[in-house]
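What follows is each chain in one-letter form.
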Amino acid sequence: MQDRFSSQEVIALTGVTARQLQWWDERGVVKPERVGHRRLYSIQNLTELAVIRELRRKGFSLQGVRKVMRFLEREFGKGLAEIVGRSSDVHLLTDGKRLYLETSARQIVDILKNSNQPILGICLSDAVRQVRAEVVARKTSTSVTSPTLRRRARKAS
């Protein structure tokens with residue numbers, strides 16, 4: 001997989017807008033590498049962007065997004081791409097005040113049963129897998145020229 005992605009590639013891979021990327025960079029929500037005037041994004045950045053996009057889609061404010069990202073960093077001390085393995089499901093749950101990070105279905109059910117208010121749940125693993133699949137599909141489509149071979153490569157991934 002490619003190590004760094006340009007802003008245009010990130011926009012195509014994650015569905016965020018150029019303005020969102022710029023805003024989140026200015027606010028320190030996502031910290032891309034700088035090479036001259038260009039921003040280059042790592043797979044870790046792409047993962048964070050996918051989660052942020054999902055949180056914003058679910059109605060989280062930018063302040064709420066920052067809180068979630070700090071929580072994840074504090075809980076694990078490493079990036080989302082490393083946390084969320086391909087075979088595990090990691091769910092972020094919140095009641096608006098507290099954040100829970102769970103991998104066990106039983107723990108999720110317990111939180112839901114014991115809550116006195118609605119709980120919002122987001123599967124972080126799905127967001128990460130989606131970004132990884134987009135990266136692989138994009139790499140495959142640019143490296144294979146024949147449409148027939150490209151279709152076969154997509155089916156295989």
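Up top is the structure.
1. Topic: the packing of aromatic side chains
Step number 1: As enumerated under the stated definition, the model contains zero aromatic pairs in all.
Step number 2: Over the aromatic face of tryptophan 23 sits the side chain of arginine 27, whose NZ or CZ is 3.6 Å from the ring centroid.

2. Examining the layout of surface pockets
Step number 1: There is about 160 Å³ of room inside the second largest pocket.
Step number 2: Around the second largest pocket, the lining is made up of 13 residues, and of these Phe60, Gly64, Thr94, Gly96 and Leu99 lie nearest the centre.
Step number 3: Here the residues of the lining of the second largest pocket sort into four nonpolar, five polar and four charged.

3. Focus on the sheet that holds strand E4 (residues 99-102)
Sheet strands associate in pairs through backbone hydrogen bonding, adopting either a parallel or an antiparallel arrangement.
Step number 1: Here we have three strands laid out as an open sheet, ordered E4-E3-E5, and antiparallel in their pairing. Single-partner strands in this sheet number two, and they are E4 and strand E5 (120-123). Going from strand to strand, the sheet's axes swing by 20 degrees on average, the running direction of each strand aside.
Step number 2: As paired elements, strand E3 (residues 91-94) and E4 share four bridges and run antiparallel to each other. By the bridge assignment, histidine 91 is partnered in E4 with glutamate 102.
Step number 3: Relative to the sheet, helix H6 (residues 105-114) contacts E3 and E4, its axis offset from that of E4 by approximately 155 degrees.

4. Section: the side chain of threonine 14
Step number 1: Assignment of secondary structure puts threonine 14 in helix H1 (residues 7-14).
Step number 2: The contact partners of threonine 14, leaving out residues within four places of it in the chain, are Leu46, Leu49 and Arg53.

5. Structural notes on the packing of helix H3 (residues 43-57) against helix H4 (residues 62-76)
Step number 1: Close contact between H3 and H4 brings their axes to 10 Å; oriented N to C, the two are set at 135 degrees. Put simply, H3 runs oblique to H4. Note on packing geometry: the crossing formed by H3 with H4 is right-handed. The segment H3 lies against H4, with Glu48, Val51, Ile52, Leu55 and Arg56 engaging Leu62, Val65, Val68 and Met69.
Step number 2: Tallied by class, residues from the contact of H3 with H4 come to seven nonpolar, no polar and two charged.

6. Here's the deal with the pattern of salt bridges
Step number 1: Tallied over the entire structure, the rule returns eight salt bridges.
Step number 2: The partner of glutamate 54 in a salt bridge is arginine 57, and the shortest N-O contact between them spans 2.8 Å. Here glutamate 54 and its partner arginine 57 are both found in helix H3, three residues apart, which amounts to about one turn of the helix.
Step number 3: Take arginine 57: its relative accessible area is 58%, and that puts it in the exposed class.
Step number 4: Here arginine 129 and aspartate 126 are joined by a salt bridge, their closest N and O atoms 3.5 Å apart. One end of the pair, arginine 129, and the other, aspartate 126, are both in helix H7 (residues 124-143), three residues apart, so they sit about a helical turn from each other.
Step number 5: Exposure remark for aspartate 126: the relative accessible area of 45% places this residue in the partly exposed category.
Step number 6: If you follow the salt bridges from partner to partner, you end up with Asp25, Arg34 and Arg39 in one network.

Reading the values: rules and limits
Residues numbered from 1 in each chain as written. Predicted model: local features only at pLDDT ≥ 70, side-chain atom pairs only at ≥ 80, totals over all residues. Heavy atoms only, no water. Phe/Tyr/Trp six-rings, centres within 6.5 Å; stacked < 30°, edge-to-face > 60°. Lys NZ or Arg CZ within 6 Å of the ring centre and 35° of its normal. 1 Å grid on protein atoms, 1.4 Å probe; cavity = no way out; pocket = protein on both sides within 12 Å on 5 of 7 lines; lining within 4 Å. Points joined across faces, edges and corners; volume = space filled by probe spheres on them. Nonpolar A, V, L, I, M, F, W, Y, C, P; charged D, E, K, R; others polar. Pairing = 2+ DSSP bridges. Helix = DSSP H or I, 4+ residues; strand = E, 2+ residues; numbered from the N terminus. Axes fitted to C-alpha atoms, helices over the stretch in contact; angles between N-to-C directions. Contact = heavy atoms within 4.5 Å. Parallel < 35°, antiparallel > 145°, perpendicular 65-115°, else oblique. Left-handed = near helix turned anticlockwise from the far one by under 90°. Salt bridge = Lys/Arg side-chain N within 4 Å of Asp/Glu carboxyl O. Buried < 20%, exposed > 50% of the residue type's maximum accessible area, 1.4 Å probe, protein only.

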